[in-house]
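Below are the chains, spelled out letter by letter.
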Amino acid sequence: MTGSTGTPPLPLDHVLRSLRERFADAAIEAEPGRRREQRVAVPAARLSEVAGAVRGWGGSLITAFALDEREPHGHFRLRYLFSMAQEDAVLTLESAIHAGDPHFPSVTPEVPAAHWLEREIQDMMGLLATGHPDPRPLVAHDGWPRGCHPLRRDFVPPGDMAWPPRFAFTPVEGEGVFEIPVGPIHAGIIEPGHFRFASVGESVLKLDVRLGWKYRGLETLARGKRIAPALEIAERACGLCAFSHALAFSGAVEEAAGVLAPPRARALRSLAGELERIYNHCGDLAGILLDVAYAVGAAEGQRLKEVAQQACDALFGHRFLRGLCVPGGVTRDLDDARQRWLRALLARLRVDVEELVRAATANDAVMDRLAGAGTLGPEPARDLGVVGPAARACGIGHDVRRAHPYAFYPDLDFQVPVRSAGDVSARFSVKADEIQESINIIDQTLLRLPGGPLLTERVVPPAGRSGLGLVESPRGLLSHWIRAGEDGTIDEWRMRSASHANWPAVAIAVLDNIVPDFPLINKSFNLCYACVDR
Amino acid sequence: MWEILLHSLRKGVVTAKPAAPLPHDLAPAPRDSAGPIELLGEALRSEIHRLFGRSMKLRHVDCGSCNGCESELQALLNPFYDLQRFGLDFVASPRHADALIVTGPPALHLEEALRLTDEATPRPRLVIAVGDCACSGGFCAGSFATRLGVHEVVPVDVRIPGCPPRPEEITRGLLKALRK
């Protein structure tokens, strides 16, 4: 993909015109947006209808969140951000919710991708989504005291801090139906989550996923912090996608400040982002093979992950690339000798990954387990707003690096591997192909590495300005949104990871599969818990 | 079969061999905490023999970490470190465990789970806090939804700081735990 030439079409023109024509009565005011974001104010009563129309016109939901603006304005503000991928534009629908009547009509029936986001808005902000098909708490475990909404500006932590987890589960009844509770502590070195299976014989009838166990209140914690400590929090929201988080956060701060990282920094950001994808995907291939008891392949995949992580450590000083990306650029350079070393290492890695994939896919015992397991169709995937390799494994070719190019990607020529089967085997192949493509991207970047500085001057966004950072993390679309406060602080921060978008799809993909295949199916998505719970 | 053997001969033994050594002049200055994994492992093996007769079993409890510590704990079992060869392994049940490895600040939501897991572990047992969060709350310190370290919920015997600690550092910490 190359940078667009000529005069690009005005972003969203057509959609905005349609919006005005069709919803003239809904008093929509379109205020001119910044670089790529167009905001449209909609009365809450019409929100669902307008959101449905935007989705019909090709918008896909990036995130949705609420802001507490009671202090100056006497209302809460809801924001639904849609990606208009064909034009690298973001359309934001805004609604003011009066503080005295904290209800809003749920958008989920029209845009199912908002499902978990609206449940979270209920927990975090205390706004009720009326008409939501499943309004149970998401993050707030049922032991939370009444009126505990951590993202309200006047939030005071409750005195009774011991929150015993109690859940309401959807009961499944009938002859021969068994309930299998699993977690939150699992039998392995894995993150905590509770899964409630309803099964008939060995088949899964229903899966209820309850997360929120790792809730650390990060968005509340970051409020009012200066940029550097806030970045530290953003970067540690997730261990395995640390670089992507730092990059998305830095992108948001840079957009708010109106600065751009220098070319060499942008190139190194793409390079590091692809290194992160390589070590994650190698680990994922290993995980999938481990869960089908193909020990040799699993060991090799783990070895390749270790090789990539040691390279991260040797080149940038951290096995998870922490501390590399900061608002304004990157902190470390790659000299010529290190570049040559990295290229040689990746050339070997490329052959090793090829060999591993060939051996695994040629093994009938492995393919017997992978093929047809955990199939996710394109329709539920589209409805639920599935992102990343999981979406690309069922024919949805969405990739942030293409749709909203950042870092060095506008200057790079790369493929986005897509499969159509939507099963574990397709997700395995997409990830395997992405490793090869990531190596291509790094090779290209090194060939065309621009010179110049690594960091711009101080990046201090003016108070009140907001910015949005979008990144294709190893697991898919990641968004960080910030609003700057006084003196270079972060006033509000909202984050949504790819795992947050994809978890509801796991519960669909596992249906009618046998219970023993759940670990395999789960591993093929390999979703994170920490960045969902936050 | 012959192909596999040939392949193995070509690739050699990967265990504990630097996966991708930088040329000597480029290599970063050695970190004092990291030693050759073989030496650490042998020391670990003799301590495990002294204390447990044959092997030591660990049960991991994630109490709200970022998944970084988990990744490094998993790395202990990869072909490069392969701690199993020194008599160390992770088990699925606390009933089989000699020690708990706890990560995370802990998050309040997981306190009860941690307490129950600890109660289910036969005595005597070691509790090892891995990562800055588990040692002192780490970057979460100050949040209303977390504690300032695992010791606020269950007694801790050994702390292994780091964000996250490298696999060598975890190994060294385990050795320290056994020598205590």
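Residue numbers run consecutively from 1 along every chain, following the written order of its sequence. The lettering of chains begins at A and the numbering of ligands begins at 1, in the order of writing. Where local features are concerned, this predicted model is filtered to residues with pLDDT of at least 70; where side-chain atom pairs are given and counted, the filter is 80 or more; whole-chain, interface and lining totals use all residues. The side-chain values count all of the structure's non-hydrogen atoms but skip hydrogen atoms and water molecules.

J.: Report on the overall build of chain B, specifying residues and quantitative values.
T.: Across its full length, chain B carries six helices and five strands. Counting across all 180 residues of chain B, residues that qualify as buried make up 57%. Whether two residues are in contact is decided by their heavy atoms, any of which lying within 4.5 Å being enough. When contacts within chain B are restricted to residue pairs at least 6 apart in sequence, those whose partners lie at least 24 apart make up 79%. Counting only carbon and sulfur atoms, one obtains 57% of the accessible surface of chain B, whose full area is about 7,900 Å². Secondary structure elements are taken from DSSP: a helix is a run of H or I of four residues or more, a strand is a run of E of two residues or more, and numbering for both begins at the N terminus. The buried label goes to any residue with under 20% of its type's maximum accessible area, the exposed label to any with over 50%, and the partly exposed label to all in between, with areas taken from a 1.4 Å probe on protein chains only. Computed by Shrake-Rupley with a 1.4 Å probe, the accessible areas treat only the displayed protein chains as cover when residues are assessed.

J.: So what's going on with the UniProt feature "binding site: Mg(2+)" (unreviewed entry) in chain A? Residues and values would help.
T.: All names here are of chain A. UniProt positions are given in the numbering used here, feature names are shortened, and annotations may be inferred rather than shown by experiment. Here, the residues flagged by UniProt with the feature "binding site: Mg(2+)" (unreviewed entry) are Glu219 and Met495. What stands out for the annotated residues spanning 277 residues is how close their C-alpha atoms remain, the widest pair being 8.0 Å apart. If you take the residues mentioned a moment ago, the ones lining the largest cavity come down to Glu219 and Met495. Secondary-structure assignment places Glu219 in helix H5 (residues 218–222). Among all residues touching Glu219, those that are not within four sequence positions of it are Leu151, Trp493, Arg494, Met495 and Arg534. By secondary structure assignment, the location of Met495 is in strand S15 (residues 490–496). Each residue touching Met495, except ones within four places of it in the same chain, is listed here: Glu219, Ala237, His245, Leu478, Ser479, His480, Cys531 and Arg534. Within this scheme a cavity is a closed region of a 1 Å grid, computed over the protein atoms alone, that accommodates a 1.4 Å probe without allowing it to escape, whereas a pocket is open but has protein on both sides within 12 Å along at least five of seven lines; lining residues each have an atom within 4 Å of a point.

J.: Describe the sheet that holds strand S14 (residues 476–484) of chain A, naming the residues involved and giving the relevant values.
T.: Hydrogen bonding along the main chain pairs the strands of a sheet, whether they run parallel or antiparallel. Residue and element names in this part refer to chain A. By definition, two strands form a pair when at least two bridges between them are found by DSSP. Taken together, the three strands give an open sheet; going across it, the order is S13-S14-S15, and neighbouring strands pair in antiparallel fashion. Taken across any chain shown, the strands that pair with only one partner, and hence form the sheet edges, are strand S13 (466–473) and S15. Ignoring strand direction, the axes of neighbouring strands in this sheet form an average angle of 15°. Sheet topology places S14 next to S15; six bridges connect them, and they run antiparallel. Each residue of the ladder has a partner; that of Ser479, found in S15, is Arg496. Interaxial angle, 0 to 180 degrees, is taken between N-to-C directions of lines fitted to C-alpha atoms, where a helix line uses only the stretch in contact.

J.: So what about the interface of chain A and chain B? Which residues, and what values?
T.: Contact residues are listed per partner, giving 60 residues for chain A and 54 residues for chain B. Two parts lose some accessible area (1.4 Å probe) when they are put together, and adding that loss for both gives the buried area. When the two sides are added together, the surface that chain A and chain B hide from each other amounts to roughly 4,600 Å², 61% of it contributed by carbon and sulfur. Taken as a group, A:Ile185, A:Ile189 and A:Arg216 account for 17% of the area that chain A buries against chain B, more than any other trio of residues on that side. Whenever Lys or Arg places a side-chain nitrogen within 4 Å of a carboxyl oxygen from Asp or Glu, that contact is recorded as a salt bridge. Our count for the contact surface shared by chain A and chain B stands at three salt bridges. Side-chain atoms alone can form a polar contact between residues adjacent in sequence; in general such a contact is a pair of N or O atoms within 3.5 Å, and within protein one must be able to donate a hydrogen while the other accepts it. Inspection of the chain A/chain B interface yields 16 residue pairs in polar contact (both at pLDDT 80 or more). Elements that contribute at least two residues to the side of chain A that touches chain B include exactly H5, helix H6 (227–235), helix H9 (295–316) and helix H10 (336–361) of chain A.

J.: I'd like a description of the nonpolar core, backed by residues and values.
T.: Soluble, globular proteins show a tendency: their nonpolar side chains are buried together. Counting residues in each nonpolar core, the largest one holds 181 residues, and the members touching the most others are A:Tyr80, A:Leu93, A:Phe249, A:Leu342, A:Trp493 and A:Trp503. For this core, the element with the highest residue contribution is helix H8 (residues 263–291) of chain A, accounting for 12 residues. Not counting the four nearest positions on each side in its chain, A:Phe249 is found in contact with A:Ile227, A:Ala230, A:Leu231, A:Ala234, A:His480, A:Ile482, A:Ile490 and A:Trp493. Membership of the second largest hydrophobic core comes to 26 residues, among which are B:Ile48, B:Leu58, B:Ile160 and B:Ala177. What is meant by a nonpolar core is a set of buried Ala, Val, Leu, Ile, Met, Phe, Trp, Tyr and Cys residues, joined one to another through side-chain atoms within 4.5 Å.

J.: Before we move on, could you go through the state of the cysteines and cite the residues and values that matter?
T.: All names here are of chain A. For this text, the term disulfide refers to a pair of cysteine sulfurs within 2.5 Å. Scanning all chains against the criterion turns up zero disulfides over all chains. Summary of cysteine pairing: Cys238 is not part of a disulfide, and the nearest cysteine sulfur, belonging to Cys528, is at 3.4 Å. Here Cys325 is not cross-linked by a disulfide; its sulfur's nearest cysteine counterpart is in Cys312, at 14 Å.

J.: Now, about the pairing of strand S2 (residues 37–41) of chain A: what can you tell me, with residues and values included?
T.: Residues and elements named next belong to chain A. Counting buried positions over the five residues of S2 gives four, a clear majority of the element. Sheet analysis places S2 next to strand S5 (residues 89–98), joined by five bridges and oriented parallel. Across the sheet, the residue bridging to Arg39 is Thr92, located in S5.

J.: Pulling in residues and values, what's your account of unusual backbone geometry?
T.: A cis amide bond links B:Pro105 to the next residue, B:Pro106, at an omega of -15°. Inspection of the secondary structure puts B:Pro106 in the loop between strand S3 (99–103) and helix H4 (111–119). If you check the backbone angles, A:Asp487 has positive phi at about 55° while not being a glycine. On the secondary structure map, A:Asp487 appears in the loop between S14 and S15.

J.: Which residues make up the UniProt feature "domain: NADH:ubiquinone oxidoreductase-like 20kDa subunit" (unreviewed entry) in chain B, and what are the values?
T.: Using the residue numbers shown here, the UniProt feature "domain: NADH:ubiquinone oxidoreductase-like 20kDa subunit" (unreviewed entry) corresponds to residues 66–176 of chain B. Span residues 66–176 of chain B is 29% helix and 14% strand, its end C-alpha atoms 25 Å apart.

J.: Residue-level account of the packing of aromatic side chains, with values.
T.: Residues and elements named next belong to chain A. Two rings from Phe, Tyr or Trp (for Trp, the six-membered ring) form a pair when their centres sit within 6.5 Å of each other. Planes less than 30 degrees apart are called stacked, planes more than 60 degrees apart edge-to-face, and all others tilted. Scanning the model with the defined rule gives 13 aromatic pairs over all chains in all. The interplanar angle of 50° and the centroid separation of 5.5 Å between the aromatic rings of Trp144 and Tyr215 together place this pair among those described as tilted. Here Trp144 is found in the loop between strand S7 (128–130) and strand S8 (177–182), whereas its partner Tyr215 is found in the loop between strand S10 (203–210) and H5, with 71 residues between them in sequence. Classification of Trp144 as buried rests on a relative accessible area of 9%. Ring plane angle 65° and centroid distance 5.8 Å describe the contact between Tyr409 and Phe414, whose orientation is recorded as edge-to-face. An identical accessibility class is assigned to Tyr409 and Phe414; each is buried. The rings of Phe195, Phe197, Trp503, Phe518 and Tyr529 are connected pair by pair, giving a single aromatic cluster. One residue, Arg402, lies across the ring of Phe414, its end atom 5.1 Å from the ring centre. Sitting over the ring of Phe525, Arg427 keeps its end group 4.0 Å from the ring centre. Here, over-ring charges are defined by two tests on the NZ atom of lysine or the CZ atom of arginine: distance to the ring centre within 6 Å, and angle to the ring normal within 35 degrees.

J.: Describe in detail the sheet that holds strand S9 (residues 194–200) of chain A, supporting the description with residues and values.
T.: Residue and element names in this part refer to chain A. Judged by pairing direction, the sheet is antiparallel, and its three strands sit side by side in the order S8-S9-S10 without closing on themselves. Each edge of the open sheet carries a strand with a single partner, namely S8 and S10. Pairwise comparison of adjacent strand axes, ignoring direction, gives a mean angle of 20° for this sheet. As defined by bridge partners, S9 adjoins S10 across seven bridges and the pair is classed as antiparallel. Note that in S10 the partner of Phe197 across the bridge is Leu207.

J.: An account of H6(A) is requested, with residue identities and associated values reported.
T.: For H6(A), the set of buried residues is A:Ile227, A:Ala230, A:Leu231, A:Ile233, A:Ala234 and A:Glu235. Buried positions along H6(A) lie against H5, helix H7 (242–257), strand S11 (325–326), S14 and S15 of chain A.

J.: Residue-level account of the pattern of salt bridges, with values.
T.: Residue and element names in this part refer to chain A. Under the defined criterion, the tally for this structure stands at 49 salt bridges over all chains. Arg338 is the partner of Asp335 in a salt bridge, and the nearest nitrogen-oxygen pair spans 3.0 Å. Overall, Arg338 belongs to the buried group, its relative accessible area being 18%. Between Glu434 and Arg392 there is a salt bridge whose closest N-O contact spans 2.8 Å. On the criterion of sequence distance, the pair formed by Glu434 in helix H15 (residues 424–447) and Arg392 in helix H13 (residues 388–392) is long-range, its members being 42 residues apart. Neither Glu434 nor Arg392 differs from the other in exposure class; each is buried. It is possible to trace a salt-bridge network through shared partners that takes in Arg39, Glu69, Arg77, Arg79, Glu94, Arg153, Arg223, Arg483, Asp491, Glu492 and Arg494.

J.: Quick rundown of the domain arrangement of chain A? Include the residues and the values.
T.: Reports often express the size of an interface as the amount of accessible area lost when the parts come together. In terms of domain boundaries, chain A breaks down into domain 1 (13–130), domain 2 (177–210) and domain 3 (218–533). Domain segmentation is taken from an automatic or database assignment of domains. Inter-centroid distance (C-alpha atoms) of domain 1 of chain A to domain 2 of chain A is 34 Å.

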